[in-house]
Amino acid sequence: MMTLRMLVLLSGILLYAMNALLAATVAPSAIREFGGIAYITWLTAAYLASSIAAASAGGVLTARIGARQAFIAAGVVFGAGALTCASATGMAQMIVGRFIQGAGGGLLSSLSYVLVRSSLPQSQWARAFAAISGMWGVAVLFGPLIGGLFANAGSWRNAFLAVAVAAIALAITAARALEHDRPVPQPGRAAFPIGQLSLMGFSIAAICVAQVCEHSALKGALILLAVMALCMVLRHNRRAGALFPTDAFSLRSALGVALWMALLLSIANDPFSIYGPLFLQELHGL
């Protein structure tokens with residue numbers, strides 16, 4: 001049973017991490033059917049924005065309904081988002097589906113770490129966390145590969161159907177494998193960083209709107225607003241520390257510098273995962 005529990009936790013991380021790259025690989029096929037190429041980054045932004053908010057809500061849900069119940073619900077939500085994408089008739093529905101998927105995926109990701117301590121003996125914690133971290137590497141390899149197979153077969157909808165089946169299977173397996181737990185109230189702690197998350201969501205939305213805005217002045221204003229909103233998040237966080245450590249992105253601490261390095265690496269790397277499949281398919285016929 002312990003092996004099955006570990007498999008459930010690893011699958012939660014793998015499903016979340018792999019799906020971002022799988023969806024990016026099949027997105028050009030959907031865009032070819034619907035049009036709306038200007039909104040391609042909205043698919044990724046919707047997925048990541050909702051996953052950030054959902055991951056931040058993991059502690060709140062654990063305290064209210066228990067980690068096992070929250071994990072099962074996350075799998076169902078993730079599957080529902082995949083089904084929404086599979087049945088999409090336009091880009092708007094695709095974006096909504098990715099938003100729903102992100103909510104389920106963010107919860108799966110955060111709760112997989114939470115459940116290590118409650119589902120496995122302490123002697124297995126270090127190995128479990130190492131294995132979970134390894135799933136991100138597996139996702140980088142197999143996400144684009146599986147998405148490419150579906151795209152090459154001309155069946156991008158089946159890619160999302162397969163993800164939906166995997167998510168529902170994960171929820172059913174989790175209901176069997178994970179032990180029942182009780183909600184653990186945590187009095188005195190901030191329930192949910194709604195203010196910071198709202199500002200972060202506004203920042204992401206402003207960048208997305210700027211991408212499809214035709215007026216240069218308005219585009220520049222939206223980008224400036226996005227940067228200002230993010231600065232407000234970090235300023236508030238240094239006082240409250242609800243979303244990040246209080247020294248996040250400070251050049252005076254090792255952690256702050258490390259977060260800057262992670263951010264800059266993401267800026268350098270992530271655009272290819274969004275635009276790379278589109279360029280390779282449209283420009284080179286792959």
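How each quantity is defined
Sequence order as written defines residue numbering, which begins from 1 separately in each chain. For a predicted model such as this one, the threshold for reporting local features is a pLDDT of at least 70, and the threshold for listing and counting side-chain atom pairs is 80 or more; totals across whole chains, interfaces and linings nevertheless cover every residue. Derived side-chain values reflect all non-hydrogen atoms in the structure, with water molecules and hydrogen atoms excluded from consideration. By the criteria applied, helices consist of DSSP H or I runs no shorter than four residues and strands consist of E runs no shorter than two, each listed in order from the N terminus. Every radius of gyration here is taken over C-alpha atoms, with the globule rule written as 2.2 Å times N^0.38, N being the number of residues. The classification of residues rests on relative accessible area computed with a 1.4 Å probe and restricted to protein chains. Under 20% of the type maximum is buried, over 50% is exposed, and intermediate values are partly exposed. Residue contacts follow a heavy-atom distance rule, with two residues in contact if any of their heavy atoms lie within 4.5 Å. Methods summary: accessible areas were calculated by the Shrake-Rupley approach with a probe of 1.4 Å, and residue burial reflects only the protein chains presented. For the charge count, each Lys or Arg is scored as positive and each Asp or Glu as negative, with His and the chain ends excluded. Positions of charges follow a simple convention, taking NZ of Lys, CZ of Arg, CG of Asp or CD of Glu. For helices, the fitted axis covers only the stretch in contact; all axes are lines through C-alpha atoms, and the angles between them, taken along N-to-C directions, range from 0 to 180 degrees. Crossing handedness: left-handed means the near helix sits turned counterclockwise from the far one by under a right angle, and right-handed means the same turn made clockwise. Classification convention: Asp, Glu, Lys, Arg as charged; Ala, Val, Leu, Ile, Met, Phe, Trp, Tyr, Cys, Pro as nonpolar; all other residues, Gly among them, as polar. The patches described consist of residues with a relative accessible area above 30% and no salt bridge, like charges being joined within 9 Å and nonpolar side chains (Val, Leu, Ile, Met, Phe, Trp, Tyr) within 5 Å. The term salt bridge refers to a side-chain nitrogen of Lys or Arg lying within 4 Å of a carboxyl oxygen of Asp or Glu. Buried Ala, Val, Leu, Ile, Met, Phe, Trp, Tyr and Cys residues that are joined via side-chain atoms within 4.5 Å together make up what is termed a nonpolar core. Multiplying one less than the number of residues by 1.5 Å gives the expected span of a helix. An angle below 35 degrees is read as roughly parallel, one above 145 as roughly antiparallel, one from 65 to 115 as roughly perpendicular, and any other as oblique.

Draft legend 1. How the structure looks around the overall build of the protein chain. Helices and strands together make up the secondary structure of the protein chain, namely 10 helices and zero strands. In the protein chain, the succession of α and β elements from N to C terminus is α-α-α-α-α-α-α-α-α-α. For the protein chain, the C-alpha radius of gyration of 19 Å lies close to 19 Å, the compact-globule estimate for 286 residues. A total of 286 residues make up the protein chain; the buried ones form 41% of that total. For the protein chain, the share of sequence-separated contacts (at least 6 apart) that also reach a separation of at least 24 residues comes to 79%. Carbon and sulfur atoms form 70% of the exposed surface of the protein chain, whose accessible area is close to 14,800 Å². Where the 16 positive side-chain charges of the protein chain centre and where its 7 negative ones centre are 11 Å apart.

Draft legend 2. Local environment of the environment of Ile132. By secondary structure assignment, the location of Ile132 is in helix H6 (residues 125-152). Its relative accessible area of 0% is what places Ile132 among the buried residues. In sequence terms Ile132 and Ser109 are 23 residues apart; their C-alpha atoms lie 9.7 Å from each other. Filtering out sequence-adjacent residues up to four positions away, Ile132 remains in contact with Met6, Leu10, Ile13, Ser112, Tyr113 and Val116.

Draft legend 3. A look at the packing of helix H2 (residues 40-56) against helix H5 (residues 91-119). Their axes nearest at 7 Å, the elements H2 and H5 cross at an angle of 35 degrees. As for the relative orientation of H2 and H5, their crossing is right-handed in sense. Across the interface between the two elements, Trp42, Leu43, Ala46, Tyr47, Ser50, Ser51, Ala54 and Ala55 of H2 pack against Met91, Met94, Ile95, Arg98, Phe99, Gln101, Gly102, Ala103, Gly106, Leu107 and Ser110 of H5. Per-class residue counts for the contact of H2 with H5 are 12 nonpolar, six polar and one charged.

Draft legend 4. Local environment of a nonpolar patch on the surface. On the surface, Leu251, Val257, Trp260, Leu263, Leu264 and Ile267 cluster together into a nonpolar patch covering about 580 Å² of accessible area. Its place among the elements puts Leu263 in helix H10 (residues 254-284).

Draft legend 5. Structural view of the pattern of salt bridges. On inspection of all chains with the given rule, the structure shows three salt bridges. In this structure, Arg5 and Glu179 form a salt bridge, with 2.8 Å as the shortest nitrogen-oxygen distance. Of this pair, Arg5 sits in helix H1 (residues 2-34) while Glu179 sits in the loop between helix H7 (156-177) and helix H8 (194-212), placing them 174 residues apart in sequence. Note that Arg32 is salt-bridged to Glu282, the shortest N-O span being 2.9 Å. Taken as a pair, Arg32 in helix H1 and Glu282 in helix H10 lie far apart in primary sequence, 250 residues in all. On the basis of relative accessible area, Arg32 is assigned to the partly exposed category, the value being 49%. Assessed through its relative accessible area of 45%, Glu282 is described here as partly exposed.

Draft legend 6. The arrangement of the nonpolar core in detail. Residues Phe71, Met94 and Phe160 are the most contacted members of the largest nonpolar core, which totals 54 residues. Looking at this core, the elements with two or more residues in it are H1, H2, helix H4 (67-86), H5, H6 and H7. A per-element tally of this core places H1 first, with 13 residues. Non-local contacts of Phe71, meaning those with residues more than four positions away in its chain, are made with Val8, Gly12, Leu108, Leu111, Ser112, Leu115, Leu170, Ala174 and Leu178.

Draft legend 7. How the structure looks around H2. With 17 residues, H2 ought to run about 24 Å at 1.5 Å a step, and its terminal C-alpha atoms sit 26 Å apart, in line with that. Restricting attention to buried positions, one finds in H2 the residues Ile40, Thr41, Leu43, Ala45, Ala46, Tyr47, Ser50, Ser51 and Ala54.

Draft legend 8. Seen up close, the packing of H2 against H8. Contact geometry of H2 with H8 gives a least axis separation of 11 Å together with a crossing angle of 180 degrees. Taken as axis vectors, H2 and H8 run roughly antiparallel relative to one another. Residues Thr41, Trp42, Ala45, Ala49, Ile52, Ala53 and Ser56 of H2 pack against Leu197, Met200, Ile204, Cys208, Val209, Gln211 and Val212 of H8.

Draft legend 9. Quick peek at unusual backbone geometry. One non-glycine residue, Phe249, lies in positive phi territory at about 65 degrees. Inspection of the secondary structure puts Phe249 in the loop between helix H9 (216-240) and H10. Residue Phe249 is classed as buried on the basis of its relative accessible area of 17%.

Draft legend 10. Quick peek at the side chain of Ser51. Relative to the assigned elements, Ser51 resides in helix H2. Among residues more than four places away in sequence, those in contact with Ser51 are Tyr16, Gly102, Ala103 and Gly106.

Draft legend 11. Spatial organisation of the environment of Phe129. Among the structural elements, Phe129 can be located in helix H6. Taking C-alpha positions, Phe129 is 13 Å from Val8, a pair spaced 121 residues apart along the chain. With residues near it in sequence (within four places) discarded, Phe129 still touches Tyr113 and Val116.

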